[in-house]
Amino acid sequence: MAKRTKVVKIIADDYIGQELTVAGWVRSFRQNRFIALNDGSTIKTLQIVIDFENEDPEVIKLITVGAAVKISGKIVASQGRGQTVELIASEIKVLGVSDAEQGPGQYPLQPKKHSLEYLREIAHLRFRTNTFGAIFRIRHHVAFAIHEFFHNKGFLYMHSPIITGSDAEGAGEMFKVTNFDIDDTPKGEDGKTDFSQDFFGKATNLTVSGQLEAELAALAFSEVYTFGPTFRAENSHTSRHLAEFWMIEPEVAFADLNDNMDLAEEMLKYVIKSVLDRCGDDLDFLENRLIDEEKVKPTNERSPMPLKEKLQFCVDTDFERVTYTRAIDILKNCKPNKKGKFQFKIEEWGADLQSEHERFLVEKHFKKPVILTDYPKDIKAFYMRMNEDGNTVGAMDILFPGIGEIVGGSQREERLDVLLARMKEMDIHEDEMSWFLDTRRFGTCPHAGFGLGFERLILFVTGMANIRDVIPFPRFPGSAEF
Ligand code: ATP
Ligand code: MN
């Protein structure tokens, strides 16, 4: 195949007068003369002008929306409005036909507005729309910026296992991994399935977090992060939960809760800024899409800022750092709580915060991202460091507008005796965790880390409302298509 030039380069650089080859998919074909060609390298299309008089009519017939084409010709300054350059076609090859074979209108992505729900049903094709093109190009840039951020700081990228033999974190919410014939599993004397005969010689699950393994590595490399898939078999039908999602989990030795908050805030700002710097066209498109969508909403439900302004605001503003105890005071006394507007009323200290409370704090009270710290020990995991008061732990959750919790982290309990006591209280068996406890036995040190939900961050930077629209093929209760 002749070397092709990507549309993004043709639009950005000066190719006027040059003969080039492009390849992509037909977005529209007007007057048998103008093709809008998209190759996914940018949201923009390249206009291709066909010399209709001299072109083979049989070829023209095959050029329909969705067809894959390869076209050579000369780049010229555009005569029309809406684009600066166009390509005058001299050679056209239809690589893959679309409606020309299937019949008019059969291609599921005709050039008109489709609902996000419909596009979710055809997730195998939705990459080819402007909206999903923009979302997944941004998703790429966010992932890249995260690696860049940590690499530049000297963090080591660590791969934590996907199949885990530990069930210390939320046993009920894990997907089992087994090689058994599930209709006929070998039974032990107690009549229960005997996992010692299974593939790994024990019961195993898909991981819910790479943190515990990241801690092991942090106590050797000082600064590490994981970035991988995690799985939760929780039956949540919210717009913020997936059964399979990606998590970024830095873990830092010789760091306390403040260092942890600083790192998380710096990272989020770095990533958001890099999206502003690198994804301008896609952000413009998504911003306008949101403005259109919000026109039909009542004014009080519209977001207070356009997308890019919101992102810039987040980069420029110090996140508010507030203790859980203070947040509960604010929530107890706020209007929606007193007027019974929350689904879950905040009655007293110790209550677990729901997304409605988190969003109130961020969107209505502080009007900026919030880091909540020092939660009651009873609503947090066993490994979080016990504070002096004996009631709270050194936890920190970062709350973002429109989403609620985006990061959950803590300083870890590095003191063996305190950790053991906590595990006993929570009925976590010591013998199953001996590998983890070894870090506290040999060369323990203060350390801290957090987990950032990758898709929640993508929700924020794209302004999308449903987490199912920011991962290529969402897995959620009742659905594992494609
Ligand atoms: P939530 O209260 O929102 O369910 P969590 O407390 O269960 O979150 P953690 O276990 O602390 O979350 O996980 C760390 C991060 O992973 C969260 O801050 C969030 O960004 C993300 N996350 C957690 N569960 C999911 C999920 N089911 N789908 C997508 N992202 C998730
Ligand atoms: Mn959860």
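Residues numbered from 1 in each chain as written. Chains lettered and ligands numbered in written order. Predicted model: local features only at pLDDT ≥ 70, side-chain atom pairs only at ≥ 80, totals over all residues. Heavy atoms only, no water.

J.: Outline unusual backbone geometry, supporting the account with residue identities and numerical values.
T.: Even without being glycine, Asp 374 reaches a positive phi, approximately 55°. Along the chain, Asp 374 falls in strand S13 (residues 370-376). Although it is not a glycine, Phe 482 adopts a positive phi angle of roughly 70°. Looking at the element boundaries, Phe 482 is found in the segment after helix H15 (454-462). (Helix = DSSP H or I, 4+ residues; strand = E, 2+ residues; numbered from the N terminus.)

J.: Can you tell me about a nonpolar patch on the surface, naming the residues and giving the values?
T.: A cluster of nonpolar side chains, namely Ile 162, Ile 163, Phe 199 and Phe 200, defines an oily patch on the protein surface of about 390 Å² accessible area. Checked against the element boundaries, Phe 200 lands in the loop between strand S8 (176-177) and strand S9 (204-206). (Patch = residues over 30% accessible without salt bridge, like charges linked within 9 Å, V, L, I, M, F, W, Y side chains within 5 Å. Areas by Shrake-Rupley, 256 points an atom, 1.4 Å probe, with all protein chains shown as cover. Salt bridge = Lys/Arg side-chain N within 4 Å of Asp/Glu carboxyl O.)

J.: Please provide a residue-by-residue account of H15, values included.
T.: Think of an α-helix as turning once every 3.6 residues; residues three or four places apart then point the same way. Within H15, 9 of the 9 residues are buried, leaving the element largely enclosed by the surrounding structure. Along H15, the residues that are buried comprise Phe 454, Glu 455, Arg 456, Leu 457, Ile 458, Leu 459, Phe 460, Val 461 and Thr 462. One or two steps after H15, the chain reaches Gly 463, where phi turns positive at roughly 75°. (Buried < 20%, exposed > 50% of the residue type's maximum accessible area, 1.4 Å probe, protein only.)

J.: I'd like a rundown of the site of ligand 1, residues and numbers included.
T.: Among the 15 residues in the neighbourhood of ligand 1, the closest are listed as Arg 232, His 241, Glu 405, Ile 406 and Arg 456. Between an oxygen atom of ligand 1 and a main-chain N or O atom of Ile 406, the distance comes to 2.8 Å. In this structure, an oxygen atom belonging to ligand 1 sits 3.2 Å away from a main-chain N or O atom of Gly 453. At the level of secondary structure, the elements contributing two or more residues to the shell around ligand 1 comprise strand S11 (244-253), strand S15 (404-411) and strand S16 (447-453). (Near = heavy atom within 4 Å. Polar contact = N/O pair within 3.5 Å; in protein donor to acceptor, adjacent residues only side chain to side chain.)

J.: Run through the pairing of strand S1 (residues 19-30), naming residues and quoting values.
T.: The sheet contact formed by S1 and strand S4 (residues 68-77) spans 7 bridges and is antiparallel. Of the residues in S4, the one forming a bridge with Trp 25 is Ala 68. Inspection of the sheet shows S1 paired to strand S2 (residues 34-38) by 5 bridges, in the antiparallel sense. Within S2, the residue paired with Trp 25 across the bridge is Asn 38. Hairpin connection between S1 and S2: a loop of 3 residues separates the two successive antiparallel strands, and Gln 31 in this loop has a positive phi of roughly 50°. (Pairing = 2+ DSSP bridges.)

J.: How would you sum up the packing of helix H5 (residues 130-152) against helix H8 (residues 280-294)? Please name residues and give values.
T.: Relative to each other, H5 and H8 sit at 130°, their axes nearing to 9 Å. Regarding the angle of H5 to H8, the classification is oblique. The interaxial crossing formed by H5 with H8 has left-handed handedness. Contact residues: H5 offers Asn 130, Thr 131, Ala 134, Ile 135, Arg 137 and Ile 138, while H8 offers Asp 282, Leu 283, Phe 285, Leu 286 and Arg 289. Residues of the contact of H5 with H8, tallied by class, amount to 6 nonpolar, 2 polar and 3 charged. (Axes fitted to C-alpha atoms, helices over the stretch in contact; angles between N-to-C directions. Parallel < 35°, antiparallel > 145°, perpendicular 65-115°, else oblique. Left-handed = near helix turned anticlockwise from the far one by under 90°. Contact = heavy atoms within 4.5 Å. Nonpolar A, V, L, I, M, F, W, Y, C, P; charged D, E, K, R; others polar.)

Note that all results are geometric; they support no functional claim without further evidence.
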